Amino acid sequence: MSIEQLYEVFTQYPSVQTDTRKLKKDDLFFALKGENFNGNHFAKNAIDAGAAYAVIDEKEYTIPGKTILVEDVLTALQQLARHHRQQFTIPFIAITGSNGKTTTKELIHAVLSTTYRTYTTEGNLNNHIGVPLTILKIKGDAEMAVIEMGANHAGEIAAYCNYALPTHGIITNVGKAHLEGFGSIEGVKKAKGELFDFLRGQPHYYAFVMWDYEYLRDMSKGISGIIKYGTVNDTHVTGYAKPGGSFLDVEITQGLNPIVLHTKLIGDYNLPNVLAAVTVGKTFKVPEEKIKAAIENYEPSNSRSQLMEKGSNKIILDAYNANPSSMRLAIENFARLQANDKVLILGAMAELGPESREEHQQIISLIQQNKWKQVVLVGGDFFKMDHPFLKFPGSAEARAWWQQQNFENTYVLIKGSRSMKMEEVLKD
């Protein structure tokens, strides 16, 4: 079946599902394969559960009148997403980077949604499956689309661009993330830069660029439209983090009428994310009062720099992910907080390859530069290495320790890679 023919089926049954456990009546089931599963095995289950059709790539699973045979299910899903994308002439804003992708995406979505019908990536469905699924959820009433793109290998962002066809792009930053897949910081830069490479080849396409970062200036050269934001004066939007307080306050001095945004975000490292959202809003003529309200009302969730209170203690739960760059920024920001008693509970960083031990040692050295009430390091190289701090093999053991403590009037930072499940430290 051709993609055009498959698209005709999709227009009749526009809800796509890849997991039979989440299937609804009249969904289109795509039988994807993984390292440990073959979705073709579940085609009959999907039909029995009410799916309109199951898209398969192994002929022996054919159910006459109920399955659609393609050469490769994943490729068909991605090509279908590209065909659907081509039906729209609206702005498609793609966001990638080592840190801050999801927060930036959610802030931009919040701002644009005040004025436009805006569709965006749900959660962090930002991979080779999540990106096409996000595109296929965009309905005909869309006026804006915001697509998050994650990657841990070279070539992934370029592939996403091939079916997302972004008109605008943001690279939040380039840091030490997924070094195991990228090989080096230069590898990270080249891979994230695939977004700007795509925009560079198109007339009248735009990049939103954090102008403070010299490397992003270089990476964006040759793009027909560059919209700048940062703390330097020659930007379209200029802003600064105001010192003091638990939450980030941002003073906008250029681009909007002078104003202070009182966010519910933790850490100066969120300043570029806020400035990006302000800049996108201004570019698309969102009224200033709506930009302000959207940013001030946004609350992080899903263990992303959440400020929680337990008794007299304040806990920053930033356990969704971690890499050397984000870990360093979180620790440095936490060290600047004006509090007498501060506790660090940090989980190991994943996917760092041969650099892992050295990167963990650098974090330990950074910790030793400040005074803490207590430091707890959990799992991975943190557990294997010698250091003067408490260490546990996993979050379960760290939780047992936490439950025995009687801290009062204490600030606590909990951070670690997703695989460490550091949020479980707080479970009762």
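Residues numbered from 1 in each chain as written. Predicted model: local features only at pLDDT ≥ 70, side-chain atom pairs only at ≥ 80, totals over all residues. Heavy atoms only, no water.

What should I look at first to understand the overall build of the chain in this one?
Each helix and strand in the chain was counted, giving 16 helices and 21 strands. Taken over C-alpha atoms, the radius of gyration comes to 23 Å for the chain, in line with the 22 Å a tight globule of 428 residues would show. When the 428 residues of the chain are sorted by exposure, 53% land in the buried category. Considering only residue pairs separated by 6 or more positions, the chain has 61% of its internal contacts joining residues 24 or more positions apart. Accessible area of the chain: about 19000 Å², with a carbon and sulfur share of 47%. Across the chain, the centroid of the 45 positively charged side chains sits 2 Å from that of the 48 negatively charged ones. (Helix = DSSP H or I, 4+ residues; strand = E, 2+ residues; numbered from the N terminus. Rg over C-alpha atoms; globule rule 2.2 N^0.38 Å. Buried < 20%, exposed > 50% of the residue type's maximum accessible area, 1.4 Å probe, protein only. Contact = heavy atoms within 4.5 Å. Areas by Shrake-Rupley, 256 points an atom, 1.4 Å probe, with all protein chains shown as cover. Lys, Arg positive; Asp, Glu negative; His and termini not counted. Charge placed at Lys NZ, Arg CZ, Asp CG, Glu CD.)

I tried to follow the sheet that holds strand E6 (residues 67-69) on my own but got confused; where do I start?
Within a sheet, adjacent strands bond to each other through the backbone by hydrogen bonds, running parallel or antiparallel. Taken in spatial order, the 4 strands of this open sheet run E1-E2-E5-E6, and their pairing is parallel. The two strands at the open ends of the sheet, each matched to only one other strand, are strand E1 (16-17) and E6. The sheet contacts of helix H1 (residues 3-12) involve E1, strand E2 (28-30), strand E5 (53-56) and E6, and relative to E2 the element is tilted by about 130°. Along the sheet, helix H3 (residues 73-85) contacts E1, E2 and E5; its crossing angle with E2, the most-contacted strand, is approximately 130°. (Pairing = 2+ DSSP bridges. Axes fitted to C-alpha atoms, helices over the stretch in contact; angles between N-to-C directions.)

Quick question: what am I supposed to make of the side chain of Lys105 here?
As for its placement among the helices and strands, Lys105 is situated in helix H4 (residues 101-113). Among the residues examined, Lys105 registers a relative accessible area of 1% and is labelled buried. At 2.9 Å, the side chain of Lys105 forms a polar contact with the backbone oxygen of Thr121. Every residue in contact with Lys105, bar those within four places of it in the chain, is listed here: Ile95, Thr120, Thr121, Gly123, Val146 and Glu148. (Polar contact = N/O pair within 3.5 Å; in protein donor to acceptor, adjacent residues only side chain to side chain.)

Even after reading the chapter, I still don't get H4, so can you show me in this structure?
Structurally, the α-helix is built with 3.6 residues per turn, so residues lying three or four positions apart point the same way. The end-to-end C-alpha distance of H4, which contains 13 residues, comes to 18 Å, matching closely the 18 Å that a straight helix rising 1.5 Å per residue would cover. Among all positions in H4, only Lys101, Thr102, Thr103, Thr104, Lys105, Leu107, Ile108, Val111 and Leu112 are buried. The inward-facing, buried residues of H4 abut strand E7 (92-96), strand E8 (118-120), strand E9 (144-148), strand E10 (168-171), helix H11 (271-283) and helix H12 (288-297). (Expected span 1.5 Å × (residues − 1).)

Would you take a moment to explain the nonpolar core for this structure?
Counting 85 residues, the largest nonpolar core has Phe30, Leu112, Phe196, Val274 and Val278 as the members making the most contacts within it. With 7 residues, the top contributor of residues to this core is H11. When residues no more than four places from it in sequence are discounted, the contact partners of Val278 are Val237, Ile252, Leu256, Leu261, Ile291 and Ile295. Judged by nonpolar contacts, the second largest core, of 43 residues, contains Ala348, Ile364, Phe392 and Phe407. (Core = buried A, V, L, I, M, F, W, Y, C linked by side-chain atoms within 4.5 Å.)

What exactly am I supposed to notice about empty space enclosed by the protein here?
Sizing a probe to match a water molecule and rolling it over the atoms shows the empty space that remains. Counted according to the given criterion, the structure contains 1 cavity of 30 Å³ or more. When its volume is computed, the largest cavity comes out at roughly 40 Å³. Lining the largest cavity are Ile266, Tyr269, Ile316, Ala330, Asn333, Phe334 and Leu413. The dominant element in the lining of the largest cavity, judged by the number of residues it contributes, is helix H13 (residues 324-336), at 3 residues. Here the lining of the largest cavity is built from residues that sort into 6 nonpolar, 1 polar and no charged. (1 Å grid on protein atoms, 1.4 Å probe; cavity = no way out; pocket = protein on both sides within 12 Å on 5 of 7 lines; lining within 4 Å. Points joined across faces, edges and corners; volume = space filled by probe spheres on them. Nonpolar A, V, L, I, M, F, W, Y, C, P; charged D, E, K, R; others polar.)

Quick question: what am I supposed to make of the layout of surface pockets here?
Size it by volume and the second largest pocket reaches roughly 680 Å³. As for the second largest pocket, its lining consists of 24 residues, and the residues nearest its centre are Gln17, Thr18, Leu125, Leu133 and Lys137. Those elements that place two or more of their residues in the lining of the second largest pocket are H1, E1 and helix H5 (130-136).

For this particular structure, what's the right way to read the sheet that holds strand E17 (residues 313-318)?
Here we have 6 strands laid out as an open sheet, ordered E16-E17-E21-E18-E19-E20, and mixed in their pairing. The outermost strands of the open sheet, each flanked by one partner alone, are strand E16 (306-310) and strand E20 (390-392). Taking each pair of neighbouring strands and ignoring which way they run, the sheet shows an average axis angle of 20°. Relative to strand E19 (residues 374-378), strand E18 (residues 342-347) is paired through 5 bridges, and the arrangement is parallel. Counterpart to Ile345 in the pairing with E19 is Val376.

Hey, could you run me through the packing of aromatic side chains in this one?
Any aromatic ring pair is given by two values, namely how distant the centres are and how the planes are angled relative to each other. In the structure shown here, the tally under the stated rule is 9 aromatic pairs. Taken together, a centroid distance of 6.3 Å and an interplanar angle of 50° make the contact between Phe88 and Phe92 tilted. Both residues of the pair, Phe88 and Phe92, count as buried. Taken together, the ring pairs in this structure connect Phe392, Trp401, Trp402 and Phe407 into an aromatic cluster. Stacked on the ring of Phe383, the Lys or Arg Lys391 has its end atom at 5.7 Å from the ring centre. Sitting over the ring of Tyr320, Arg418 keeps its end group 5.4 Å from the ring centre. (Phe/Tyr/Trp six-rings, centres within 6.5 Å; stacked < 30°, edge-to-face > 60°. Lys NZ or Arg CZ within 6 Å of the ring centre and 35° of its normal.)

When you look at helix H14 (residues 356-367) in this model, what are you seeing that I'm missing?
The end-to-end C-alpha distance of H14, which contains 12 residues, comes to 17 Å, matching closely the 16 Å that a straight helix rising 1.5 Å per residue would cover. When H14 is considered as a whole, its buried residues turn out to be Ser356, Glu359, His360, Ile363, Ile364, Leu366 and Ile367. What you see down the axis of H14 is that its buried residues fit within an arc of 160°, all on one side. (Arc of directions from axis to C-beta.)

Any chance you could explain the pairing of strand E11 (residues 206-210) here in plain terms?
Two faces make up the sheet, and in a regular strand the side chains alternate between them. Extensive coverage of E11 is indicated by the burial of 4 of its 5 residues. Here 3 bridges tie E10 to E11, and the two strands are oriented parallel to one another. Paired with Gly169 across the two strands is Ala207, which belongs to E11. Looking at chain direction, E11 and strand E12 (residues 225-230) are connected through 5 bridges and run parallel. Bridge pairing in E12 links Ala207 to Ile226. The parallel pair E11 and E12, bridged by helix H10 (residues 214-219), forms a crossover whose chirality is right-handed. (Right-handed = clockwise from strand over helix to strand, strands pointing away.)

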